[in-house]
Amino acid sequence: MRCDLERTLHDGAAADMSALALELGLISMAAEDPDTEARIDAALGMLRRTIDDLRGIGSALYPPVLVSAGLEPALRSVAERRDLRLRLDLPRRELGMEARSRTGLLVVDHLHTLCPGSAVRIRVRGRRFVRVRITDEQPGWPGPRHHRAVLRCA
Amino acid sequence: MRVAIAEDGALFREGLVLLLEAAGHEVVGCVADGDSLLKIVATEPVDVAILDIRMPPEPDGGLTTAERIRALRPDTGLLLLSHYAETHYLMRVLEIGAERIGYRLKERIAGVQVLADTLDRITAGEIVIEPALAKRLVQAPADSPLATLSERELDVLRLMAEGRTNNAIAKELYVSPKAVEKHSAAIFAKLALPGDQTVHHRRVLAVLAYLRAQKIDG
């Protein structure tokens, strides 16, 4: 469901807004007085910030590379954006689609709760019963926290 | 410039055609999927092919089509567009080629000037990388060797990671090309990278590979 929501956002609102940005770029070029041009450019700036916000929501809903590239690139992408130091210990063979999706979302949702600069270790094992172990150390916290989960996947 | 477009969003595709034509370019093909674009590139001379990353053939048809175009017509420039600025996409783009290639956010090319600049740099043989992504890549943790770089050296590295030449970096930072060379040498020394100033694309690749490795080790 989250994957579908992200796709709806990507193919709907985000696509329309990117097209609107092109339209504003064209109108700006045709503008004859500097005041109108400046107002169009300001509108374009506002639109870009809104698209940035949508991008953030889309990524949080469902990391865009989780389906196409796999668990590791998706987790690294989230860690990079949130300035987290990530250490991964993943199965050598990529998980099946359902297991990858559910495991990815479980871990990503946890990463979104951590403050920037946190160190996170993630270990994933199993295929039908996926075992996930997360250890995080947040700056200013007394010590590491340990989390475990088991996902039953088809 | 002769340009061909593959984008599955009709509104964006039509807007891009209008913007390219307004900028004085000739749009020789405009299609909704990678396979159709490949047919155009195979039969028509195309200076730059513009591809949406997420389009048919799913899931990332833009990347697979760009690979096929590069193999078929190595001289055709490639501009990959996406709604997302992803390091993974960037690494895939750089695997396809380190010359005449670009990766930018869709809404960021929505101006004649920026679009013209992007296409000119690609046809001149450069790599064009979305500035927001290049900036994110150089934001390193405090214990990384990148933290040893001065603010000015980080500015130079960020522009280097965007694929800018030394002259372009000098212009952007209002310093002389000699000063950029000096900063580059200091960056490479601090990061223990070979500072070959004559092989621009290898330099960018080395920097990006290094930054990527930093993220992985960190």
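Residues numbered from 1 in each chain as written. Chains lettered and ligands numbered in written order. Predicted model: local features only at pLDDT ≥ 70, side-chain atom pairs only at ≥ 80, totals over all residues.

1. Structural notes on the nonpolar core
To be explicit about the condition: For this analysis, nonpolar core means a set of buried Ala, Val, Leu, Ile, Met, Phe, Trp, Tyr and Cys residues linked through C-beta atoms within 7 Å. Here a residue counts as buried when 20 or more other C-beta atoms fall within 10 Å of its C-beta, as exposed when 12 or fewer do, and as partly exposed in between; the C-beta atoms come from the backbone. Placing C-beta atoms from the backbone, we regard two residues as in contact once those atoms come within 7 Å.
Ranked by size, the top nonpolar core spans 67 residues in total, and within it V48, A49, I50, L51, L78, L80 and I129 of chain B carry the most contacts. Ignoring sequence-local partners within four residues, the contact set of A49 of chain B consists of A4, L37, V41, I69, T76 and L78 of chain B.

2. Quick look at the interface of chain A and chain B
In plain terms, the rule: Note on residue categories: nonpolar means Ala, Val, Leu, Ile, Met, Phe, Trp, Tyr, Cys or Pro, charged means Asp, Glu, Lys or Arg, and polar means any other residue, Gly included.
Between chain A and chain B, the residue contacts involve 29 residues of the former and 24 residues of the latter. Class assignment for the residues of the side of chain A that touches chain B results in 16 nonpolar, 6 polar and 7 charged.

3. Looking at the pairing of strand β3 (residues 48-52) of chain B
Residue and element names in this part refer to chain B. We apply this condition: Numbered from the N terminus, helices here are DSSP runs of H or I no shorter than four residues, and strands are runs of E no shorter than two. In short, DSSP must find at least two bridges between two strands for them to pair. Handedness of a crossover is defined as follows: orient the strands so they point away from the viewer, and if the path from the first strand over the helix to the second runs clockwise, the crossover is right-handed.
Buried residues dominate β3, accounting for 5 of its 5 residues. Of the two faces of β3, the one lined by V48, I50 and D52 and the one lined by A49 and L51 are each fully buried. In terms of strand pairing, strand β1 (residues 2-6) meets β3 through 4 bridges, oriented parallel. Looking across to β3, one finds that A6 is bridged to L51. Direction of pairing for β3 relative to strand β4 (residues 77-82): parallel, over a ladder of 5 bridges. Considered in β4, the bridge of V48 is made with G77. Handedness of the β-α-β unit built from β3, helix α3 (residues 61-72) and β4 comes out right-handed.

4. Considering the packing of helix α7 (residues 151-161) of chain B against helix α8 (residues 166-173) of chain B
Residues and elements named next belong to chain B. Just so we agree on the cut-off: Under this scheme, a helix contributes an axis fitted over its contacting stretch, all axes are lines through C-alpha atoms, and angles between N-to-C directions fall in the 0 to 180 degree range. In what follows, roughly perpendicular refers to angles from 65 to 115 degrees, roughly parallel to angles under 35, roughly antiparallel to angles over 145, and oblique to any angle outside these ranges. By convention the crossing between two helices is left-handed if the near helix lies anticlockwise of the far one by an angle smaller than a right angle, and right-handed if it lies clockwise.
At a minimum axis separation of 10 Å, α7 and α8 run at an interaxial angle of 130°. Compared by their axis directions, α7 and α8 come out oblique. At the point where α7 passes α8, the crossing takes the right-handed sense. Contacts from D155, V156, L159 and M160 in α7 reach I169, E172 and L173 in α8.

5. A few points about the sheet that holds strand β1 (residues 85-89) of chain A
Residues and elements named next belong to chain A. Taking strand neighbours across the sheet as the criterion, the 4 strands line up as β1-β2-β3-β4 in an open arrangement whose pairing is mixed. The sheet terminates laterally at β1 and β4 (145-152), the two strands that pair on one side only. Put simply, the sheet's adjacent strands are angled 15° from each other on average, direction ignored. Bridge count between β1 and strand β2 (residues 119-125): 5 bridges; the pairing is parallel. Note that in β2 the partner of R85 across the bridge is A119. Strands β2, β3 (129-137) and β4 of the sheet are contacted by helix α4 (residues 97-111), whose axis makes an angle of about 15° with β3.

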